[in-house]
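Examining the three-dimensional arrangement
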Amino acid sequence: MGRTPRMTPAEQKLWNAFPTGETVELGPVTRSVVGRPAGENAPKDGASWGPERTIRAKVIAWLLLGARDGGAGAVPAVRLSGARITGRLEILGGNVAHELILSGCHLDEPVNFSGSMTRTIRMTDCYLPGFSGGGMRVAGHLSLSGSNVTGSIRLARAQFESGLWLGGTKVTADEADEWAFYAGSLVVDSGAFLRNADFTGGVRLVGSRLNGGLFLDGATLRNPGKEALTADSMVVEDIMSCGGDFAALGCVRLRGARINGTLSINGTIRSPDTRYALQASHAEIRQLYLLPAEPIDGVVTLTHTRLGSLHDSPDTWPEKLRLNGMVYERLIGSGHERRILWVGRDPEGFRPQPYEQLAAWYLRDGNDLLARRTQLAKLRENRRTQGIGGRVWGRLLDVAVGYGYRPWLAGVWFALLLAIGTVVFSQTPPRALKPAESPDFNAFAYTFDLLLPLPAFGQREMFDAIGWTQWLAYTLIVLGWVLATALIAGATRILRPT
């Protein structure tokens, strides 16, 4: 194909390079430097570049859509570096058979590939005012790594065969747009890499399926007072990693998500102004590593979530924590006392299930003692929710036998009361009811009979306390019944099926 009318020298150079896929460099490019802030490698003065570095977007579209044949023995592609691209690069519903590689370019207007079928698209270290690719199908990958996007990235229902790359990308949503990255129902057959990215506005991945994992290490998600990450019903195979200097300034929402590998949160989550800082209820997570750099600032909910194993530290949890209905197979980290505090932080008050789940875990782990301590803590916490009668009786059960989980306490009380009665009645013996028939008085046996609901030595029926010791005798009888009742209640609790 010959020279196209009205094509500038820069455009002609790209036109001629297309058949062999040669890279056209129209000016110096700032190469990516590891460790620089997100988007800092993108050009800042591209709007001022002259005609020698300017190419119209429609020329690129012509080439991508087959306006020029490829060269023999070569793979045609658009490869362009250091260019200013004017006009809107827009291919709606088109079938793009060639790769698009832009590096260090400045695009005046947003890019739109919605509904198209394309090969790999790479716009690295570029400046662009938004990218739309809703419903696009990419036989390859999409990379916006290192770019500065002053608008939103919209990829709802898009599909990528070989990955999505937003490493070091800076995305700043318009003030009228809540979402910096809007990608509901996204499908990525390889990994989604958002390492060291910087989003001002929310990241939406509702219903997405990421078959190669989701990597947010070092990323910053800013949406204070709103949702920094919304990923309800998302499915992640392998791993979802939020490590390094990961920071979410807003709610992280994973309600109903399924992580068929490991969810690792080692960064920072701050959202005191939303209902939840971490909303992961009704989720399924094979392994959860929750070891953030500082305690989560805000309410955390894991209600009705199923965990394979939980690796955590007691210092990572906030004061308000909802765990009702959560089940897990294994716990790693935290001592017993801190675990009991952990299950008792529900802001809505006492919930028995978290205690039952913790006790069940200790039983499976072969630690009956810790299971009993957990059940005891549950009963003590439940006592606070009862009326005055229930609280009084609960207190008696607790003091007497530890609600049945400390039966040895009854023996301690019995021995103490027996000793007191023996000493007092030795000093002030009771009178014999039938002196001629009464056996010799024994203070120990008499006190023992008073404490037992059914007397064993026959002393209680033959003697009657005198003076103030009558009140002691009545008290011992009452306390004996209390101890017996508490022991029966405790034995019933211990012997019942788990």
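Notes on the structure follow. (Residues numbered from 1 in each chain as written. Predicted model: local features only at pLDDT ≥ 70, side-chain atom pairs only at ≥ 80, totals over all residues. Heavy atoms only, no water.)

So, on to unusual backbone geometry. Residues other than glycine seldom take positive phi values, yet Arg157 does so here, at roughly 65 degrees. With respect to the helices and strands, the residue Arg157 is situated in the loop between strand S15 (153-154) and strand S16 (159-160). Its identity is not glycine, yet His282 carries a phi of approximately 55 degrees, on the positive side. By the element assignment, His282 lies in the loop between strand S31 (278-279) and strand S32 (284-290). Among the residues examined, His282 registers a relative accessible area of 40% and is labelled partly exposed. (Helix = DSSP H or I, 4+ residues; strand = E, 2+ residues; numbered from the N terminus. Buried < 20%, exposed > 50% of the residue type's maximum accessible area, 1.4 Å probe, protein only.)

Take the pattern of salt bridges next. Taken as a whole and judged by the stated rule, the model has 18 salt bridges. We note a salt bridge from Asp108 to Arg84, for which the minimum N-O separation is 2.9 Å. Of this pair, Asp108 sits in the loop between strand S6 (106-107) and strand S7 (111-112) while Arg84 sits in strand S4 (residues 84-86), placing them 24 residues apart in sequence. The partly exposed category is assigned to Asp108, whose relative accessible area is 27%. By relative accessible area, Arg84 is classed as buried at 19%. Here Glu356 and Lys378 are joined by a salt bridge, their closest N and O atoms 2.5 Å apart. Of the two residues, Glu356 is situated in helix H4 (residues 352-364) and Lys378 in helix H5 (residues 368-383); the sequence distance between them amounts to 22 residues. When its relative accessible area of 31% is taken as the criterion, Glu356 is described as partly exposed. Ionic contacts of the salt-bridge type, sharing partners, join the residues Arg322, Asp346, Glu348 and Arg351 into one network. (Salt bridge = Lys/Arg side-chain N within 4 Å of Asp/Glu carboxyl O.)

Attention shifts here to the nonpolar core. Ranked by size, the top nonpolar core spans 107 residues in total, and within it Leu80, Phe113, Met123, Leu155, Phe181 and Met240 carry the most contacts. A total of six residues in this core trace back to one element, the largest contributor, which is helix H2 (residues 57-64). Counting residues in each nonpolar core, the second largest holds 15 residues, with Leu418, Val424, Phe425 and Met462 among its members. (Core = buried A, V, L, I, M, F, W, Y, C linked by side-chain atoms within 4.5 Å.)

Let us look at the packing of aromatic side chains. All told, the structure shown has 13 aromatic pairs when counted by the stated rule. Ring centres of Trp165 and Phe193 lie 4.4 Å apart, and the angle between their planes is 20 degrees; on these two criteria the pair is classed as stacked. Here Phe193 lies in strand S21 (residues 192-193) and Trp165 lies in strand S17 (residues 164-165), a separation of 28 residues in the sequence. Its relative accessible area of 36% is what places Trp165 among the partly exposed residues. Phe193 sits in the buried class, given a relative accessible area of 16%. Aromatic rings pair up to connect Phe425, Phe441, Tyr446 and Phe463 into one cluster. (Phe/Tyr/Trp six-rings, centres within 6.5 Å; stacked < 30°, edge-to-face > 60°.)

Each pair of packed helices gets described by two things: the angle between the helix axes and the distance between those axes. Where helix H1 (residues 9-17) contacts H2, the axes come no closer than 11 Å and their chain directions differ by 15 degrees. Relative to H2, the element H1 lies roughly parallel. At the point where H1 passes H2, the crossing takes the right-handed sense. On the side of H1, the interface is formed by Glu11, Leu14 and Trp15, while H2 contributes Val59, Ile60, Trp62 and Leu63. Residue composition of the contact of H1 with H2, by class: six nonpolar, no polar and one charged. (Axes fitted to C-alpha atoms, helices over the stretch in contact; angles between N-to-C directions. Parallel < 35°, antiparallel > 145°, perpendicular 65-115°, else oblique. Left-handed = near helix turned anticlockwise from the far one by under 90°. Contact = heavy atoms within 4.5 Å. Nonpolar A, V, L, I, M, F, W, Y, C, P; charged D, E, K, R; others polar.)

This part covers the side chain of Thr120. Secondary-structure assignment places Thr120 in the loop between strand S8 (117-118) and strand S9 (121-124). Classification of Thr120 as buried rests on a relative accessible area of 7%. Side-chain polar atoms of Thr120 contact the backbone nitrogen of His141, separated by 3.3 Å. Apart from the residues within four sequence positions on either side, Thr120 is in contact with Glu99, Leu100, Val138, Ala139, Gly140 and His141. (Polar contact = N/O pair within 3.5 Å; in protein donor to acceptor, adjacent residues only side chain to side chain.)

The terminal C-alpha atoms of H4 lie 19 Å apart, and with 13 residues this matches the ideal 18 Å at 1.5 Å per residue to within 8%. When H4 is considered as a whole, its buried residues turn out to be Pro354, Tyr355, Gln357, Leu358, Ala359, Trp361 and Tyr362. The inward-facing, buried residues of H4 contact strand S36 (327-332), helix H3 (336-342) and H5. Once H4 ends, the next one or two residues include Gly366, with phi positive near 80 degrees. (Expected span 1.5 Å × (residues − 1).)

With that settled, the discussion passes to the pairing of strand S19 (residues 179-182). Pairing analysis gives two bridges linking S15 to S19, with the strands arranged parallel. The residue bridging Ile153 from the neighbouring strand is Phe181, located in S19. Of the strand pairs in this sheet, S19 and strand S23 (residues 202-204) are connected by three bridges, and their pairing is parallel. Paired with Tyr182 across the bridge in S23 is Arg204. (Pairing = 2+ DSSP bridges.)

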